[in-house]
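Observations on chain architecture
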Number of protein chains: 4
Amino acid sequence: MSLQGGSSARTMSPGGLFDGVLARGAVAATVDDAAWLQAMLDFEAELARAQAAVGLLDPAQAEAIAAQARAELYDAGAIGEAAAGIGNPAGPLVNALTARVRDAGDATAAGQVHRGATSQDVIDTATMLVARSALAALLEDLTAAADAAATLARAHRDTPMAGRTLLQQAVPTTFGLQAAGWMASLDSAAVALRAVPFAVQLGGAAGTLASLGDDGIAVLTELARRLDLPEPTLPWHTDRTRIAALAGGLGTAAGAIAKAGGDVVLLSQTEVGEVREGSAGGSSTMPHKANPVAAIAARGNARRAPGLVATLLASMDHEHQRAAGAWHAEWAPLLELLVATGSAAAWLRTSLGGLEVNPARMRENLGATGGLLLAERVSTALTQALGRGAAHELVERATQESVASGRSFADVLEADDQVREQLGEGAVARLLDPTAYLGSAGAFVDRALNSRFV
Amino acid sequence: MSLQGGSSARTMSPGGLFDGVLARGAVAATVDDAAWLQAMLDFEAELARAQAAVGLLDPAQAEAIAAQARAELYDAGAIGEAAAGIGNPAGPLVNALTARVRDAGDATAAGQVHRGATSQDVIDTATMLVARSALAALLEDLTAAADAAATLARAHRDTPMAGRTLLQQAVPTTFGLQAAGWMASLDSAAVALRAVPFAVQLGGAAGTLASLGDDGIAVLTELARRLDLPEPTLPWHTDRTRIAALAGGLGTAAGAIAKAGGDVVLLSQTEVGEVREGSAGGSSTMPHKANPVAAIAARGNARRAPGLVATLLASMDHEHQRAAGAWHAEWAPLLELLVATGSAAAWLRTSLGGLEVNPARMRENLGATGGLLLAERVSTALTQALGRGAAHELVERATQESVASGRSFADVLEADDQVREQLGEGAVARLLDPTAYLGSAGAFVDRALNSRFV
Amino acid sequence: MSLQGGSSARTMSPGGLFDGVLARGAVAATVDDAAWLQAMLDFEAELARAQAAVGLLDPAQAEAIAAQARAELYDAGAIGEAAAGIGNPAGPLVNALTARVRDAGDATAAGQVHRGATSQDVIDTATMLVARSALAALLEDLTAAADAAATLARAHRDTPMAGRTLLQQAVPTTFGLQAAGWMASLDSAAVALRAVPFAVQLGGAAGTLASLGDDGIAVLTELARRLDLPEPTLPWHTDRTRIAALAGGLGTAAGAIAKAGGDVVLLSQTEVGEVREGSAGGSSTMPHKANPVAAIAARGNARRAPGLVATLLASMDHEHQRAAGAWHAEWAPLLELLVATGSAAAWLRTSLGGLEVNPARMRENLGATGGLLLAERVSTALTQALGRGAAHELVERATQESVASGRSFADVLEADDQVREQLGEGAVARLLDPTAYLGSAGAFVDRALNSRFV
Amino acid sequence: MSLQGGSSARTMSPGGLFDGVLARGAVAATVDDAAWLQAMLDFEAELARAQAAVGLLDPAQAEAIAAQARAELYDAGAIGEAAAGIGNPAGPLVNALTARVRDAGDATAAGQVHRGATSQDVIDTATMLVARSALAALLEDLTAAADAAATLARAHRDTPMAGRTLLQQAVPTTFGLQAAGWMASLDSAAVALRAVPFAVQLGGAAGTLASLGDDGIAVLTELARRLDLPEPTLPWHTDRTRIAALAGGLGTAAGAIAKAGGDVVLLSQTEVGEVREGSAGGSSTMPHKANPVAAIAARGNARRAPGLVATLLASMDHEHQRAAGAWHAEWAPLLELLVATGSAAAWLRTSLGGLEVNPARMRENLGATGGLLLAERVSTALTQALGRGAAHELVERATQESVASGRSFADVLEADDQVREQLGEGAVARLLDPTAYLGSAGAFVDRALNSRFV
């Protein structure tokens, strides 16, 4: 049995077998057992030092404790097993740490381990530390994905493509504007995640820090400083709004990723073919396929988020001074949410970072309806002369004729006396040029790119 | 009673029959059909005026449109029915508005209604307007609930009660600290809700504002100014991070409400009896009951939130330039989430605002274990003399003896030679006084109250 | 238009404004206030008659009660408002019923109204009655949608189309098989819904039927018989597995609908064009679009289900003999889930019932890759001669050459000496015929259709 | 580091550190990497044998394949890593199996590995096999928990306790009836789980089994027989109703567990003290506590279920012949749901199996309100003489007097002339005896226990 959690490989998770797909990127390593153990031990070490700093403890004893606060000295599996006794792993870890300090020769220091704190202090603070480093990893991938979208937006600022509403071609847009939308959405999720209000947790048995006498708040302040976590006004053991903010931010990021990933999948369809992932590929028996594996995996991971967010929100109702279940219900979903969202971000980074864009195919698809895509523009042009009702009617009639006869929309319009009369020679061709009906697309892309770097 | 609501009463909702419980407070009225109609019409009126302001439209025509933009002129039921044709109510409303402008004598103005806009522009902007006024109503109740918690915290800063972890008495705390925790949690949810990034939506058929030519952005700017909504960098029709932030904030508020409401229910139990709702009452056959109806209803409403948040997050994957279902999936859950959270906030305001606190019962319950509640304190006191291990052992033994023999913990301790020797005469009584073991409770309450009003 | 609905229109729901889209079909009318009132009154009437049947009540008094048990005699809005007092509408309704019986001249009968029952008995039993009739309505639409899928499966048993995995063309299949899959999935959801274990609820104040003395179970049996609901072994007031089964079945149905609706949306894409809804249409400014509004609305409604199911499952933890919030949390989500799923079913029925299939376009799309879609078949054919590794390698090379050169896959293969040698003249054309590589598609369709009617 | 999944310990899960709490019981071991590998390999082995049985393959080759189909021969971590390439682990496993068959000397057999199947066939069938054995493990714990509840129900058929509605004492009930309710709820969840419609999945590249020519269905039939899984009418690769039924059943079980666990937590409260877990215990600093750790952990695990069910239901919308994300989104939630529900069941079994019931404390609590708990009974008794209105009024007045004066309800009633007159001497004491007001409680317990073993 390996030190850091072989047993859990056989239990809690789909296992290594699915990790290549479901645990991509750097987040997973930040939330493993070793990371958790170290975060809990950091709490204990800095708690001892904080008490030394305010004069409650001999500094040498604090260092004797800190010297044993290294994750590699502990067996996560054994601690996890012992956790069943009291319902959380902090107790067994404190016991193991105490034993090591004693065995190292300082029985008095051993008696000071975890002083004034309760299990939830250890685990809640460790949650903040682990989540903070997980978020840092996640934000790197999320930002890189947004950067890739920005690069696409810049490069294709003026690349016309069919705008599609309800999955039907509507009027032209640019691929740059679509990519800028992905970027803006990913960026705003990142903003939400950067605003998560982390804080140290220290309250003792029931949130009063009673066993620290008059020094409770001084220890709290010093502990926060040492762990580089904000100091809360109150112990927040049963105020889970911090967890909720984290959950909400992760859910938002997952949603933004799902949108971009979904568009890549749709644009990659055999019948659309406007983009292709750099690493797209088929199977051995179907080598012609260009499966956008990265976008698909991004979606697959992102879809896990909303249910996990709901679990965390539904478990905010912590009873009195410690919840009888709602607290325990947070641990796995929060980690799963971090890993799933992180994995989705890493996959999207791969997808967008290597995306091959096919402007020729975009032009070809723009022409697929023989100009019908520009019907709105013709309507608008005719409205000034004929009024909106008559203009719409004329265009609708021409559309139906085009669809029914198979003749192109341009031909039908050019054969129409009223059109020729009102708009003049050559107007139809000009009106049906999709590259000339892009409105503010370019300006919007510029605004988005510029506002990013202000 | 307006005609148009009746049909929906028979369809979409639990109906008036459940409204007293599930639609309490001011939010419900801000999201009714009339409010929606008016918000959509405000969009159309200000769109026309914005176009007049930038020179695209004769101001008189804009006013002719605005003159018909009053909700009471339209039949929500009929528009709702017609909405089935295109899948949203904006189209039929635009038709009805156009008809009224025309019938009022200005056919040219009629031709300018909704110019440059698409259905989603109307509905998304109306969503922002409706949600903004719903949030204002909700925040009033939420803040009042937090105020009531603050009043309780101040009044009971030093009222001792049993701290309870895992629903077992642990060590003493104060009711003031518990109430301050409710307050802090409600306040931080309010902060999240105040930060929701509202914005106007205007993009036209596919987000490029093409039919407005070079004036698209000028119209957007002017429209935002007129509706007093921020102007987004990009049209956000398929970037749902704004909706996600709103959902996350509402879910957080619901969770904070559920926590406070749950505590009131638990403290009101017959066997605990430490608080009682002012309007608590039983049934005619069980007049002795003090059902905390307001806290119960607050919980009942709050529990609806997490699932609705999940629905909104799971529907962020809008395809291309308009979603084929994910957009439609947002409408009902967002309104339900606003009403459920608003109703929960209104109920909690009632509950906390009228809460009767029973300090005598709190003292009585503190004594229920005959001093065992202070075991931690005795341990701590003995640790200095005996070391932690021996101290814990002694206290554990005394505890078991007390429980087994039925003698009070105080008696058992006082009969112990080692205790008398180490702590001296009278120490046991002093150590077992719960009011002297409250640590930083008072200081925490002060911090929380003070930071609120800075 | 009844008085009592208006208020709820302004509160709980998106209102009539969205009903055309979000409350389609017959379910909505089965869960309106009038239906709820009648179901609650049916409980009271049959409770009285059941007591008369077992000799606890004068039959004339029972009839005096039953005579007033007509929904149209009551004002749902007023009852809903009064419900705030005790937290549910059953109490006020009982009061109103009692008053009417008394006012009708039978004070003794008035004193017997609701005898032995508690509010939850009324509401839980009414929930069963309302849900039963809602399910009947829903199942009609769901079955009709499955029937439409069956008709498509039969008609297109042998219509070849591109099979698409990960949204990339894979190997051929038939439209009939795809439609048969929709049918099977809808049918199996219907089976789950038909198996929902309804039951009457009668337990009195705490589930013991104490106030009925020795006659409790006899009354229960008789009440169940009269309401045509199964008699449960135990009162199930805090056993919510019945609600969970209903929720699970509805969630399953919504998922099956979302799958079929999603496929229709994808097949309707401008670039795919293989199906078209009979009532598909564009907007006035974009008359060329063929928006599959029904499938879109089906998806939009279906996406609301999972979050609502989660709310219901998360509220199964009813405390002791009546929940302090979890019960109240069920009411709205259950109705919303019935309406949303029912609406989705009605929309899918419309979509599939009028679906126009375009076999020519299917053939055209099958040819889009110049035969690459049949690469697997060529591999398989070559495997016998060359072994799998070499066969795959050859096909992969030919694929790449085809893609790179723009020559059709057929041409590349035919120019390959090894292919000609191993497979013989004409083999390539034969192998690349998609209609000859449909495997068991037809047989599967037959099995599915036949097993349906056994 | 163990071979098959050390890496996943560091990534996907809370890790061994939390396993003692979150992965209790036998389910976890049934869903580990080794179990998954073996299930996938069983599919491949029996697929080969099925093809041999129908004459498509030399039986010796089938055995050559089967000989390598042992999980311990493969490295789950390496396969998981390679899975990133195509988005699922089936491909790499097939490659590794093929290589082993070849290396073992049978190149021809190697060429026949996985013939006719696609990745999804492997994984979906393995999901069924894994879920089936996980369910068997889970049902053992769930049934044992229900058995423990049955034992409690039988033993305490006549043990009176306070019935509590809205967490207020209402009228008496028995602990036996409360336990019978737990049993019935757990049993009905077990029924739902036993009805999950498992089935083998085999469809090939797009569900037609084309590469098996005319033998597709024969192979399917034989494969189903060999794996002891039902044969589906159609390949169900994009019909996820089977997964939905499994999810719904697990969510139902989790809800039933949460109800029972919640009651144990509430009954264990210091101020209630009616039950105590056999292994309940406090911390070293608070030895007096009787934390019901098992019930708490059961709730903590059970609360994870609803969000996971929602994820699975929301991912039923598989596109065309294979989903581009929705399929991948199922893997982790399904395993998490199995483990969480299984862990909850195992904890509840521990909790109920060792529950110590305190009838004396139940009697004491029944007396806490001085007889007010029986107010309903007094009302009923007086109703015959005074009519309901007057009876209620009298009892309400007496209740208020008792609460206000501190005199017991019995004393107040006995001092009331009207009461004495109507009910006679000694009636009050008789009416206020809780053990004589239990209605059908005992009969209900008998029904529930008897119907269990029919």
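Thresholds, definitions, all that
Residues numbered from 1 in each chain as written. Chains lettered and ligands numbered in written order. Predicted model: local features only at pLDDT ≥ 70, side-chain atom pairs only at ≥ 80, totals over all residues. Heavy atoms only, no water. Least-squares fit on C-alpha atoms with pLDDT ≥ 70 in both. Contact = heavy atoms within 4.5 Å. Buried area = accessible area lost by both parts, 1.4 Å probe. Salt bridge = Lys/Arg side-chain N within 4 Å of Asp/Glu carboxyl O. Polar contact = N/O pair within 3.5 Å; in protein donor to acceptor, adjacent residues only side chain to side chain. Helix = DSSP H or I, 4+ residues; strand = E, 2+ residues; numbered from the N terminus. Buried < 20%, exposed > 50% of the residue type's maximum accessible area, 1.4 Å probe, protein only. Pairing = 2+ DSSP bridges. Domains from an automatic or database assignment. Axes fitted to C-alpha atoms, helices over the stretch in contact; angles between N-to-C directions. Parallel < 35°, antiparallel > 145°, perpendicular 65-115°, else oblique. Left-handed = near helix turned anticlockwise from the far one by under 90°. Nonpolar A, V, L, I, M, F, W, Y, C, P; charged D, E, K, R; others polar. Phe/Tyr/Trp six-rings, centres within 6.5 Å; stacked < 30°, edge-to-face > 60°. Lys NZ or Arg CZ within 6 Å of the ring centre and 35° of its normal.

With that out of the way, let us pick up the relation of the copies chain A and chain B. Once chain A has been moved 0.0 Å along the axis and rotated by 180°, it coincides with chain B to within an RMSD of 0.1 Å. Read as a symmetry element, the transformation amounts to a two-fold axis. The C-alpha atom lying nearest the rotation axis in chain A is that of G248(A); the distance is 2.4 Å. A share of 100% of interface residues in chain A that are also interface residues in chain B marks the association as one of identical surfaces.

Further remarks concern the interface of chain A and chain B. How big an interface is tends to be stated in terms of accessible area lost as the parts join. With 78 residues of chain A at the contact, the number on the chain B side is 78 residues. Of the roughly 6300 Å² buried where chain A meets chain B, counting both sides, 63% is carbon and sulfur surface. Where chain A meets chain B, there are two salt bridges. Counting every contact that joins chain A to chain B gives 29 residue pairs in polar contact (both at pLDDT 80 or more). Secondary structure elements with two or more residues in the side of chain A that touches chain B: β1 (160–165), β2 (168–174), α10 (175–194), α11 (216–227), α12 (241–267), α14 (305–314), α17 (375–386) and α22 (441–453) of chain A.

The subject of this paragraph is the pairing of strand β1 (residues 160–165) of chain C. When a strand is regular, its side chains alternate between the sheet's two faces. All names here are of chain C. When you tally the buried positions in β1, you get six out of six residues, the bulk of the element. Bridge count between β1 and strand β2 (residues 168–174): five bridges; the pairing is antiparallel. Residue pairing across strands places M161 opposite T173, the latter belonging to β2.

A few words on the domain arrangement of chain A. Each assigned domain of chain A is listed here: domain 1 (1–117 + 204–235), domain 2 (128–157 + 169–201 + 243–366) and domain 3 (371–431). Placing a centre on the C-alpha atoms of domain 1 of chain A and another on those of domain 3 of chain A gives a separation of 73 Å.

Residue and element names in this part refer to chain D. Two elements in contact, helix α12 (residues 241–267) and helix α15 (residues 328–353), have axes whose closest approach is 9 Å; the angle formed by their N-to-C orientations is 30°. One finds that α12 runs roughly parallel with respect to α15. The handedness of the crossing between α12 and α15 comes out as left-handed. Along its contact with α12, which presents I243, L246, A247, L250, A253, A254, I257, A260, G261 and V264, the element α15 presents E330, L334, L337, L338, T341, A344, A345, L348, S351 and L352. Its residues assigned to classes, the contact of α12 with α15 shows 16 nonpolar, three polar and one charged.

This paragraph deals with the relation of the copies chain D and chain C. Take chain D, turn it by 180°, move it 0.0 Å along the axis, and it overlays chain C with an RMSD of 0.1 Å. Here 100% of the interface residues in chain D have copies in chain C that are interface residues too; the copies meet face to matching face.

Contact with chain D, which involves 78 residues of that partner, is made by 78 residues of chain C. Taken over both partners, the interface formed by chain D and chain C buries close to 6400 Å², and the fraction arising from carbon and sulfur atoms is 63%. Across the chain D-chain C interface, the total number found is two salt bridges. Ionic pairing is found between E231(D) and R447(C), a salt bridge with its closest N-O pair at 2.7 Å. Seen at the junction of chain D and chain C, the total is 30 residue pairs in polar contact (both at pLDDT 80 or more).

A separate point is the packing of aromatic side chains. Considering all chains together, one arrives at 16 aromatic pairs over all chains under this definition. Where W331(A) meets F18(D), the ring centres are 5.2 Å apart and the plane angle is 50°; that geometry is what we call tilted. With W331(A) in helix α15 (residues 328–353) and F18(D) in helix α2 (residues 16–22), this pair bridges two chains. By the burial criterion, W331(A) is buried, and F18(D) matches it. Three or more aromatic residues link up through ring pairs in this structure, and these residues are F18(A), W36(D), W327(D) and W331(D). Sitting over the ring of W347(A), R24(A) keeps its end group 3.9 Å from the ring centre.

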